[in-house]
Number of protein chains: 2
Amino acid sequence: MPKNRNISMAVIRRLPKYNRCLRDLLDKEIYRISSKELSGILGFTASQIRQDLNNFGGFGQQGYGYNVEELHHEIQKILGLTKDYNAVVIGVGNLGQAIANHTNFEKHGFKILAMFDINPTLIGLQIRGTPVYDMKELAEFINENKIEIGVITTPKEVAQSVAEELVEAGIKGIWNFAPVDLKVPEDVVVEDVHLNESLFIMSYLIKEQEMLKSLGDQED
Amino acid sequence: MPKNRNISMAVIRRLPKYNRCLRDLLDKEIYRISSKELSGILGFTASQIRQDLNNFGGFGQQGYGYNVEELHHEIQKILGLTKDYNAVVIGVGNLGQAIANHTNFEKHGFKILAMFDINPTLIGLQIRGTPVYDMKELAEFINENKIEIGVITTPKEVAQSVAEELVEAGIKGIWNFAPVDLKVPEDVVVEDVHLNESLFIMSYLIKEQEMLKSLGDQED
DNA sequence: TCAGAATTTTAAAACGACGTGACAAATAAT
DNA sequence: ATTATTTGTCACGTCGTTTTAAAATTCTGA
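Notes on the structure follow. (Residues numbered from 1 in each chain as written. Chains lettered and ligands numbered in written order. Predicted model: local features only at pLDDT ≥ 70, side-chain atom pairs only at ≥ 80, totals over all residues. Heavy atoms only, no water.)

### Things to note about the overall build of chain A
Helices and strands together make up the secondary structure of chain A, namely 10 helices and 10 strands. Over its C-alpha atoms chain A spans a radius of gyration of 21 Å, topping by over 25% the 17 Å that the globule rule assigns to 220 residues. For chain A, the C-alpha atoms occupy an extent of roughly 60 × 55 × 35 Å along the three principal directions. Looking at chain A residue by residue over its 220 residues, the buried ones come to 52%. Across chain A, the fraction of contacts at a sequence separation of at least 24, relative to all contacts at a separation of at least 6, is 56%. (Helix = DSSP H or I, 4+ residues; strand = E, 2+ residues; numbered from the N terminus. Rg over C-alpha atoms; globule rule 2.2 N^0.38 Å. Buried < 20%, exposed > 50% of the residue type's maximum accessible area, 1.4 Å probe, protein only. Contact = heavy atoms within 4.5 Å.)

### A closer look at the protein's contact with DNA strand D
In the vicinity of DNA strand D there are 25 residues, among which A:Ser47, A:Gln51, A:Gln62, B:Ser35 and B:Asn54 approach most closely. Counting only atoms of DNA strand D within 4 Å of the protein, the sugar-phosphate share comes to 66%. In the environment of DNA strand D, a base oxygen lies 2.6 Å from a nitrogen or oxygen atom belonging to the side chain of A:Gln51. Measuring from a base nitrogen of DNA strand D, one finds a side-chain N or O atom of B:Gln51 at 3.2 Å. Going through the elements one at a time, α4 (46-54) of chain A together with α4 (46-54) of chain B are the ones with two or more residues in the surface near DNA strand D. The class makeup of the residues in the surface near DNA strand D is three nonpolar, 18 polar and four charged. (Near = heavy atom within 4 Å. Polar contact = N/O pair within 3.5 Å; in protein donor to acceptor, adjacent residues only side chain to side chain. Nonpolar A, V, L, I, M, F, W, Y, C, P; charged D, E, K, R; others polar.)

### Quick notes on the interface of chain A and chain B
Every contact between the two is made by 60 residues of chain A and, on the other side, 60 residues of chain B. At the junction of chain A and chain B, the tally comes to 12 salt bridges. A salt bridge links A:Asp181 to B:Arg20; the nearest nitrogen and oxygen atoms lie 3.5 Å apart. Our count for the chain A to chain B interface comes out at 28 residue pairs in polar contact (both at pLDDT 80 or more). For the side of chain A that touches chain B, the secondary-structure elements that each account for two or more residues are α1 (9-12), α2 (15-27), α5 (68-79), α6 (94-101), α7 (103-107), β9 (173-176), β10 (189-192) and α10 (195-219) of chain A. (Salt bridge = Lys/Arg side-chain N within 4 Å of Asp/Glu carboxyl O.)

### Re the side chain of B:Asn86
Residues and elements named next belong to chain B. Residue position: Asn 86 is located in strand β3 (residues 85-90). From its side chain, Asn 86 meets the backbone oxygen of Asn 145 in a polar contact 3.2 Å long. Look past the residues within four positions of Asn 86 in its chain and what remains in contact with it is Lys 111, Leu 113, Asn 145, Lys 146, Ile 147, Glu 148 and Ile 149.

### A closer look at the relation of the copies chain A and chain B
By a simple turn and slide, chain A fits onto chain B: the slide is 0.0 Å along the axis, the RMSD is 0.1 Å, and the turn is 180 degrees. Within this description, the copies of the chain are treated as partners about a two-fold rotation axis. The rotation axis passes nearest to the C-alpha of A:Ala98 in chain A, at a distance of 3.2 Å. A symmetric contact is evident, with 100% of the interface residues of chain A recurring at the interface of chain B. (Least-squares fit on C-alpha atoms with pLDDT ≥ 70 in both.)

### Overview of the packing of aromatic side chains
The geometry of an aromatic ring pair is captured by two quantities: the separation of the ring centres and the angle between the planes. Counted by the stated rule, this structure contains 16 aromatic pairs over all chains. Ring centres of A:Phe116 and A:Phe141 lie 5.5 Å apart, and the angle between their planes is 70 degrees; this geometry places the pair in the edge-to-face category. With A:Phe116 in strand β5 (residues 110-117) and A:Phe141 in helix α8 (residues 138-144), this pair connects stretches of sequence that are 25 residues apart. The exposure class assigned to A:Phe141 is buried, which follows from its relative accessible area of 14%. Considering the side-chain rings of A:Tyr133 and A:Phe141, the 5.5 Å spacing of their centres and the 45 degrees angle between planes classify their relative orientation as tilted. An aromatic cluster is built from A:Tyr85, A:Phe110 and B:Phe200, whose rings are joined through pairwise contacts. Over the ring of A:Tyr85 we find A:Lys83; its NZ or CZ atom is 3.9 Å from the centre of that ring. One Lys or Arg, B:Arg14, reaches over the ring of B:Phe44 and ends 5.9 Å from the middle of that ring. (Phe/Tyr/Trp six-rings, centres within 6.5 Å; stacked < 30°, edge-to-face > 60°. Lys NZ or Arg CZ within 6 Å of the ring centre and 35° of its normal.)

Take a look at the structure:
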């Protein structure tokens, strides 16, 4: 029975980690686990794990721990992974194609039904089974095929206007790979994958590590 | 003059946003900005922006604000973007190819010199200018070409062993796209891009949004 | 089978990190 | 010279994590 009293984003961002960890455990045919053992695997404190899980209900049992199968199922439910999602990709560049062809997403219930672009040489093609349509057909396709998720892999210059088209067509979530902060109504979910930012942060951390190292050398 | 007293990760993750924002301002030929104006653009509070920037030095001037050009340059320095990085991609799948071909990274000083795989049909090919070599040559290539960054786009099963090879060869940072938590020595930087997790979080948020909406309908 | 010890979760309290608000000091504008 | 603007900084409040104490269950050995 979910308690569901305003879960913080910090907790939500850990849920997929729990999910993956539990699936790995099932693969290894481990059917019972304590927060302490999970802590060893995940690197979070046992206490945090217990508190995280307790946000959604008392899935554990004192003196026993957690039933892996049950907990995995619960987290799948919490994450909304027990249903399928239909998606489209906007922008048939390298990244767009890679995502459309990435079979892994389909395994988890995310089906990419079509790609859209404005480039006439691409429109009409099938890229490994996924058709490429004209942007003009986007709204109609979304409505007719119950598309819930739009993936934006366009150049940054057009990302906002694409987002607006998607919103207009009634999309529920936008998976945004363009390096811009999209402005959408608050009932539309945006999840950003900012590769540049990720790379820059790595750059910072490498630089910092170098500094630490050269400092250590001096002090020896 | 950087103060650099243990900057928190929360601050670091905002730095690329400042960087992008400032570049956009320069494009618009805006050379002066206050924290209040930045706040309007970025959505952070003016107070947070001032405090963030102050971690690294007093870049602003009272009564005036910040010089966009200077601030941009400072943040580039902080992020370590004033130098170039050599990188290799391990795993010539859809994603690996997309990243190797993504010209955007090169613009920011990240040069992908080669890709590596174990698939004999790929080895020896050039994929849009980037050569594909045998994994056996990885360590040698890293040493000879001063490679600092390794990008892992392999299947998850081999990601850890690839990481170990990279570490052994003296890599400084790993940009990891495989859905595993890599174990590396603490002087090696790992920056994860977990696409599955990002997608699952979106799934959660969509589900939650739907719940909110149906709740709202009832209460009307 | 039963009692006691060990394990482990739950819940609450303490602690710490982070973000916000307020104010003094400095500069710019008039 | 005076007023308006704006940063730098510190104090406070909020949010997130860790510690602690209590309760429930399992495990052990006779």
